[in-house]
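Close look at the chain arrangement
Spelled out, the chains give:
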Amino acid sequence: FQRSLGDPTTGYLTGNQVARLQAAAQARAAQLQREAEERRRLAEARDRAWWTETGRGETEEGLRAYLNRFPDGLFADEAQSRLAELERQRRREAEEAERLAWDKAVMTGTIASYRDYLGTYPTGIFAAEAEARISALSNPEVPPEVVEAARNEEERLSLNQFTRQLIEVQLQAQGLETGKVDGRFTRATRRALRKFQRANDQPATGYVTRDTIVLLLAGSSN
């Protein structure tokens, strides 16, 4: 460095040389900053241009195309928020469509209507209920009014989760498959209930009545 300045090459810096080094460093830092700013400006320009080209977030396809190229871009938060809202809207529409399908099945009230519902929503919100109603309609030994009365009685009992889990445990103790013991009465639970009721000379409704509970608890005390 000293040689390039034409100064004596002592290997020790003078005050003037230190000042020149600092000035050179500051100049280089300023240059690097200008280059970085130019790169940032160009990157933002490309970002904004792609946002415009993909439709400014007006379509799902455009939002995904933008995020695919600029996952951390200027409009990434907005794009992700719009996609999340589209997903929530789809879910609301799907739930509403399922409820309408169930209402239609109930209004028709036939085996075919409940099977149509299950064909579209095999694991839907009302799948267990549809299965139970199909069984009731298919089984002449249990008149529809008896099934409906049992269903109403189960609703009046307002079984809490612990009681429901106890019922599932007792059914499994009888060798009946209920599925996961979680307090949710699924189609498997309803089938197990009907089998238990038939075995104990009760109307095989698939719903929990007081008589069903008494028999299950009596079994737990043996």
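Residues numbered from 1 in each chain as written. Predicted model: local features only at pLDDT ≥ 70, side-chain atom pairs only at ≥ 80, totals over all residues. Heavy atoms only, no water.

1. A word on the confidence of the model for the chain
Regions with low pLDDT should not have their predicted coordinates read in detail. For the chain, the average pLDDT comes to 88, and 97% of its residues sit at 70 or higher. Confidence, expressed as mean pLDDT per element, reaches its minimum in the chain at helix H1 (residues 2-5) with 82 and its maximum at helix H5 (residues 111-120) with 94. (pLDDT = per-residue confidence, 0-100. Helix = DSSP H or I, 4+ residues; strand = E, 2+ residues; numbered from the N terminus.)

2. A look at the environment of Ala 127
Along the chain, Ala 127 falls in helix H6 (residues 127-138). For Ala 127, a relative accessible area of 5% translates into the label buried. Separated by twelve residues in sequence, Ala 127 and Arg 115 place their C-alpha atoms 9.6 Å apart. Once residues within four sequence positions are removed from consideration, Ala 127 is found in contact with Tyr 117, Leu 118, Tyr 121, Pro 122 and Arg 187. (Buried < 20%, exposed > 50% of the residue type's maximum accessible area, 1.4 Å probe, protein only. Contact = heavy atoms within 4.5 Å.)

3. Observations concerning helix H8 (residues 161-173)
The terminal C-alpha atoms of H8, which comprises 13 residues, lie 18 Å apart, in line with the 18 Å expected from a rise of 1.5 Å per residue. Within H8, the full set of buried residues consists of Ile 167, Glu 168, Gln 170 and Leu 171. Taken end-on, H8 shows its buried residues confined to a sector of 165 degrees, consistent with a single buried face. The outward face of H8, more than 90 degrees from its buried face, is lined by the exposed residues Gln 161, Phe 162 and Ala 173. (Expected span 1.5 Å × (residues − 1). Arc of directions from axis to C-beta.)

4. Regarding the pattern of salt bridges
Applying the stated rule across the entire model yields 16 salt bridges. The partner of Arg 40 in a salt bridge is Glu 37, and the shortest N-O contact between them spans 2.2 Å. Separated by three residues within a single helix, Arg 40 and Glu 37 lie in helix H2 (residues 15-53), roughly one turn from each other. Classification of Arg 40 by relative accessible area gives partly exposed; the value is 37%. Owing to a relative accessible area of 40%, Glu 37 belongs among the partly exposed residues under this scheme. A salt bridge links Glu 148 to Arg 151; the shortest N-O distance between them is 2.4 Å. In this pair, Glu 148 and Arg 151 both sit in helix H7 (residues 144-157), three residues apart, roughly one turn of the helix. When its relative accessible area of 33% is taken as the criterion, Glu 148 is described as partly exposed. Each of Glu 60, Arg 64, Glu 87, Arg 90 and Arg 91 takes part in one network of salt bridges that share partners. (Salt bridge = Lys/Arg side-chain N within 4 Å of Asp/Glu carboxyl O.)

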